[in-house]
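Structural overview
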Amino acid sequence: MATADVLDAPPPTLGTEDAERIARERYGLHATAELLVSERDRNFRLTDASRAGWVLKVSNAVEDPLVVEMEVAAVERIALIDPTLPVPVARAALDGSPIVIAEVGGASHLVRLLPLLPGRTAEPADLDAEAMAHLGEVVARIGRALRGFFHPAAGRTIWWDQQHLPELARRVVVEEEPTRRALIDLVLTRFAANVVPAFPTLRAQLIHNDVTLDNLLLDERNRVSGIIDFGDMAHTALVLDVPATLQSLVRGRTDLFEVAEAFLAGYALVQPLEDVEAALLGDLLAGRMAQTILISAWRMPRHPDNDYIRGWAEPAWELLEQMETIGFDEVARRLAVIARAPIARRAPSDTLLARRHRVLGSALESLSYRTPLHLVRGEGAWMEAAGGRRYLDAYNNVPVVGHAHPRVVDAIARQAATLNTNTRYLHEHVVELAERLVATMPDGLDTVLFVNSGSEANDLAWRLATTVTGADAGIATSWSYHGVTDAVADFSTSEWPRGEQPVRVEAYPAPDTYRGRYADASDPASVGRAEISEAVARMAERSRRPAAIFVDSTFTSDGIFVPEPAVVGEIVAAAHDAGALFIADEVQSGYGRTGELWGFTRWAVTPDIVTLGKPMGNGHPIAAVITRAEIVDRFGAQTTFFSTFGGNPVACAAALAVLDVLEDEHLVANAATVGESLRSLLRALAERHEAIGDVRGRGLMTGIELVHDRATREPAGELAARVKDAMAERGVLIGTTGRHGNVLKIRPPLCITGDEARLIVTAIDEVLGS
């Protein structure tokens, strides 16, 4: 069956009155008609009295009836296999048929009435990576829905099927200047050498073959709301759907590989490309451009007034010229690498949630938000969910330099591909990291011990303190968190079971600058000394002495407080007077979080021990204890210390890269600047929202205390929980903290921009306003 000549025939000549008559007589639809653009058919938008919308599609007079039947059947098949794909299933005429024959001007035309799907066509510049990945999934789903479907018309010859490109090139002469003529000859030569011999090995089936932006309708979130125009369907290579869409997505853009990466990531989640398909992708994309240029050159002389056809060729030439500049071999190589990238396999979120409950147990802390987030990737200050929605991450302090920072990822990959061992062997990374950390510390803090997590770091710090002091108890703030090991869990007072106090720990109130003894005192520093003295006295009543005081430099779990340096100075001095060592827990406050590299710097007190964790490897497990050599020597006189994975070369490579990025991208200064701007905007917001009782913080660690009443300062914990969930629904992730859970916790990656910080403020404003 040969229907290629349908591209040679002129479109139907009927007008809006004819369309209205056909709709009325054949479908019982009384509507007004408006002509739409089309390549070779005639399409009309119909609107009835109820404002319902339809499209009357009048096929070219030379179109084979079997082809139209195939299109109708294929759409019905897609709707049956994947009902969530928005395809236009034909409405039955008054005689019950989805296709009718209409006589107009002495010619017979096949006519269908299709629902007018919602949405609008978009330009490539309108689409971000998230939208392009979504389009990739949709294209793959269309192909999957048509798998196994066949129709007698599927074997027709249509020139938009790339398997016929060599024959098309023999039929058409491109009237262009010599450079462009040579370019298309090169493309056709490569196609003959690379694609034609491989074509019989490619997966083949009926495909849409034209899922372009002209044939996709998108909603306000750039999600597909309509898939139209199945007129170029062919039984051909499945992979040809990919260059057809890519051609459309890169029109007028210069970021071919970024577009391809986003689109193919979505496509591969549904239907991964085989190796041979990936290898041919560059030549198939170039072939699609050549095909477009040839068909345009063929059809324009026949239809000089068709602006739709007129606009095809130049964007195709521009992309071919981009590809030539890069080099066709290099384009093919890079597209193949992108297409073969590992696939993120994703279970449906509800299924994954049930599996989580079944195998991870009831003791695991609950998910962060009322509606569980199924996150699959991150970049910079953003994370992406399985459904493609992006979220501004204003909560996680582990990816301190940004999610998936390429320099950190590259450092991990390179070292993992070279060697990974332990600290019983010499390795440059281990020594260099220790030297660089020591160089950032006050004089005297000269020795580093590597472990894997902040919990382990605090556990080791506790062992050092008890060994050196000979004491057996410690001090922590009354709603602190310092880790999960058996020893350190006792100092995580916010986690005490049912409020039971371990015998070796005394708690004191964090220096709350908003309410309580510190806030009300004329001399809050004296309150701090008194609190520690009272805690030590309570220990003595149990015949115990303090070995250490743990201080989180931002009092994160307590509610995020920023007392004056004199307050912390007196707290530490009182602990020292009682014989305790000062352990500065920088797991949450370090690595530039406070606008200074280390949070304890503000207190003007040198710690005896510093512990590092979470952000140290930007998500790769590594942590450290930094202290004085004399402390380590006294510990070493009694025992040795070794952690199998602590300080391994891969982890150290990640940590070195983090230090490099902090310095090269000026992220500590950015934390100071953006953080102060953020709090300034939040304080202005407090003038409009009575629920905001206090705004406080340092750098990119900010707390917003919500209250029921500003006069009584009654904590509004339930409100904070609702705000947190509502923020997530608006695409911004924050947390809550404090004993009453009423403090909104904002601690984004340090790479966050001022514009992104304003998004946080806007979302909070909207949520509190609602």
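For the structure, see preceding data.
Residues numbered from 1 in each chain as written. Predicted model: local features only at pLDDT ≥ 70, side-chain atom pairs only at ≥ 80, totals over all residues. Heavy atoms only, no water.

The next thing to look at is unusual backbone geometry. Negative phi characterises most residues that are not glycine, and trans characterises most peptide bonds. Positioned with a positive phi, Asn 618 is a non-glycine residue whose angle comes to about 55°. You can see Asn 618 is positioned in the loop between strand 18 (609-612) and strand 19 (623-627). (Helix = DSSP H or I, 4+ residues; strand = E, 2+ residues; numbered from the N terminus.)

Here Glu 531 shows up in helix 17 (residues 524-541). Overall, Glu 531 belongs to the buried group, its relative accessible area being 5%. Apart from the residues lying within four places of it in its own chain, the contact partners of Glu 531 are Tyr 508, Pro 509, Arg 517 and Tyr 518. (Buried < 20%, exposed > 50% of the residue type's maximum accessible area, 1.4 Å probe, protein only. Contact = heavy atoms within 4.5 Å.)

Spatially, 20-21-24-23 is the arrangement adopted by the four strands of the open sheet, whose pairing is antiparallel. If you trace the sheet from one side to the other, it starts and ends with strand 20 (692-698) and strand 23 (735-737), each paired once. Within the sheet, the average angular offset between the axes of one strand and its neighbour, ignoring direction, is 30°. In this structure, strand 21 (residues 701-706) lies alongside strand 24 (residues 743-746), joined through four bridges in antiparallel fashion. Residue pairing in the sheet places Gly 703 in a bridge with Lys 745 of strand 24. (Pairing = 2+ DSSP bridges. Axes fitted to C-alpha atoms, helices over the stretch in contact; angles between N-to-C directions.)

In this structure, Leu 433, Leu 437, Phe 450, Tyr 591 and Met 616 are the most contacted members of the largest nonpolar core, which totals 93 residues. Per-element accounting of this core gives the leading share, 11 residues, to helix 20 (residues 649-664). (Core = buried A, V, L, I, M, F, W, Y, C linked by side-chain atoms within 4.5 Å.)

So, about the packing of helix 17 against helix 18 (residues 565-577). A packed helix pair is summarised by two numbers, namely the angle formed by the two axes and the spacing between the axes. Where helix 17 meets helix 18, the axes come as close as 8 Å, and the angle between the chain directions of the two elements is 25°. By the angle between their axes, helix 17 is roughly parallel relative to helix 18. Helix-helix and strand crossings are classified by hand; for helix 17 and helix 18 the assignment is right-handed. Judged by residue contacts, Pro 524, Ala 525, Gly 528, Arg 529 and Ile 532 of helix 17 engage Ala 566, Val 567, Glu 570, Ile 571, Ala 573, Ala 574, Ala 575 and Asp 577 from helix 18. (Parallel < 35°, antiparallel > 145°, perpendicular 65-115°, else oblique. Left-handed = near helix turned anticlockwise from the far one by under 90°.)

Further remarks concern the sheet that holds strand 5 (residues 107-115). Think of a sheet as strands paired side by side through backbone hydrogen bonds, with each pair either parallel or antiparallel. Overall, antiparallel pairing links the five strands, which are arranged 1-2-3-5-4 in an open sheet. Edge positions in the open sheet fall to strand 1 (31-36) and strand 4 (100-104), since each of these has one partner strand only. Ignoring strand direction, the axes of neighbouring strands in this sheet form an average angle of 35°. Against the sheet, helix 1 (residues 16-27) makes contact with strand 1, strand 2 (42-48), strand 3 (53-58), strand 4 and strand 5, and its axis sits at roughly 140° relative to strand 4, the strand it touches most.

Moving on, we get to the packing of aromatic side chains. For the structure shown, the criterion picks out six aromatic pairs. A network of ring pairs unites the aromatic residues Trp 462, Phe 491 and Phe 550 as a single cluster. We note Arg 713 situated over the ring of Tyr 514; from NZ or CZ to the ring centre the distance is 4.5 Å. (Phe/Tyr/Trp six-rings, centres within 6.5 Å; stacked < 30°, edge-to-face > 60°. Lys NZ or Arg CZ within 6 Å of the ring centre and 35° of its normal.)

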